[in-house]
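The lines below spell out each chain.
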Amino acid sequence: EPPRDNIPEPGAGDETDRQSEGRSWWERAVWLPWVVGALMLLLGWPAARTLWKHRRLHHGSWEQRLQSSLLMLRADLADFGAPATPAQTLEEMLDAVRSHTGLATEPHFVARADAVLFGGRQAGEIDLQSAETLRREVKRRLRKRHGRLRTALALYGVPPRITRERGVLPAGAARRAPGIQ
């Protein structure tokens, strides 16, 4: 006959069963705060990022607001992988907008914005409105062109992948691990 020393008796639970008998499901869900925290971070990140980017649009002089709007336009282009760098002039950036989205700007927008940014004239509400209208339309066209996945990744600030079009890889280079053919 086999030894019966290690076999538990029927109805005898272990220590954890006895401890959790009087506790509700809510008290036993120790993982729940971690899941809620992760979800809040996952859902709150795009909102916090957007609010942080827009903070300078509503405070300061008209010149500062116009500059902020144009910086946000450059950031939106970069988020979607369009060629936009801080070294570009406003005209070069708008050429990139035209080539990437097909959107042509007002004929005198560059001259007015440059005059404001370099001290030739005072900015007004109309200047900010035209810059914001341009930025919103560019963003709408970028979302339409690149699709939902790239839009979601841009909301989270994930940079676009390195592509041949941006000149990072040579035209004949393939993305393969070394030694794989």
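Structural notes, computed from the coordinates.

### Considerations on the layout of surface pockets
(1) Moving on: The volume enclosed by the second largest pocket comes to roughly 270 Å³.
(2) Moving on: Looking at the second largest pocket, the residues that line it are Q67, L70, L71, R74, Q88, T89, L90, E91, M93, D114, L117 and F118.
(3) Moving on: Where the lining of the second largest pocket is concerned, the elements lending two or more residues are α4 (62-79), α5 (90-101) and α6 (109-117).
(4) Moving on: The leading source of residues in the lining of the second largest pocket is α4, at four residues.

### Some remarks on the packing of aromatic side chains
(1) Moving on: Taken as a whole and judged by the stated rule, the model has zero aromatic pairs.
(2) Moving on: Over the ring of W52 we find R55, and its NZ or CZ is 3.9 Å from the ring centre.
(3) Moving on: The ring centre of W62 lies 4.9 Å from the NZ or CZ of R65, which sits over that ring.

### Structural notes on the packing of α4 against α5
(1) Moving on: Their axes nearest at 11 Å, the elements α4 and α5 cross at an angle of 40 degrees. The angle between α4 and α5 places the two elements in the oblique class. For the element pair α4 and α5, the recorded crossing hand is left-handed. Contacts between α4 and α5 involve L70, L73, R74 and L77 from the first element and L90, M93, L94 and V97 from the second.

### Some details on the environment of R74
(1) Moving on: Tracing the chain through its elements places R74 in helix α4.
(2) Moving on: With a relative accessible area of 15%, R74 lands in the buried category.
(3) Moving on: Separated by 14 residues in the primary sequence, R74 and Q88 have C-alpha atoms spaced 9.5 Å apart.
(4) Moving on: With residues up to four places along the chain from it excluded, the contact list for R74 reads A84, T85, P86, Q88, T89 and M93.

### A look at empty space enclosed by the protein
(1) Moving on: Applying the stated rule across the entire model yields one cavity of 30 Å³ or more.
(2) Moving on: Here the largest cavity defines a volume of roughly 40 Å³.
(3) Moving on: Of all the elements in the fold, those that place two or more residues in the lining of the largest cavity are α6 and α7 (125-156).
(4) Moving on: A per-class count over the lining of the largest cavity returns three nonpolar, one polar and two charged.

### Regarding the environment of L103
(1) Moving on: Here L103 lies in the loop between α5 and α6.
(2) Moving on: Accessibility expressed as a relative area gives 11% for L103, which makes it buried.
(3) Moving on: Separated by 35 residues in sequence, L103 and V138 have C-alpha atoms that sit 7.3 Å apart.
(4) Moving on: The residues touching L103, leaving out its near neighbours within four places in the chain, are V97, R98, L134, E137, V138 and R141.

### Observations concerning helix α3 (residues 32-54)
(1) Moving on: With 23 residues, α3 should reach 33 Å at 1.5 Å per residue; the first-to-last C-alpha distance of 33 Å fits that figure.
(2) Moving on: Helix geometry: α3 is bent most strongly at G44, by close to 40 degrees, with proline P46 lying one to four residues after it.

### What to know about the packing of α5 against α6
(1) Moving on: Following both chains from N to C, one finds α5 and α6 inclined at 145 degrees, their axes separated by 10 Å at the closest point. Judged by the twist between their axes, the crossing of α5 over α6 is right-handed. Seen from α5, the contacting residues are L90, E91 and L94; seen from α6, they are F109, V110, A113 and D114.
(2) Moving on: Tallied by class, residues from the contact of α5 with α6 come to five nonpolar, no polar and two charged.

Quick notes on the rules
- Residues numbered from 1 in each chain as written.
- Predicted model: local features only at pLDDT ≥ 70, side-chain atom pairs only at ≥ 80, totals over all residues.
- Heavy atoms only, no water.
- 1 Å grid on protein atoms, 1.4 Å probe; cavity = no way out; pocket = protein on both sides within 12 Å on 5 of 7 lines; lining within 4 Å.
- Points joined across faces, edges and corners; volume = space filled by probe spheres on them.
- Helix = DSSP H or I, 4+ residues; strand = E, 2+ residues; numbered from the N terminus.
- Phe/Tyr/Trp six-rings, centres within 6.5 Å; stacked < 30°, edge-to-face > 60°.
- Lys NZ or Arg CZ within 6 Å of the ring centre and 35° of its normal.
- Axes fitted to C-alpha atoms, helices over the stretch in contact; angles between N-to-C directions.
- Parallel < 35°, antiparallel > 145°, perpendicular 65-115°, else oblique.
- Left-handed = near helix turned anticlockwise from the far one by under 90°.
- Contact = heavy atoms within 4.5 Å.
- Buried < 20%, exposed > 50% of the residue type's maximum accessible area, 1.4 Å probe, protein only.
- Nonpolar A, V, L, I, M, F, W, Y, C, P; charged D, E, K, R; others polar.
- Expected span 1.5 Å × (residues − 1).
- Bend = angle between axes of the 7 residues up to and from the residue.

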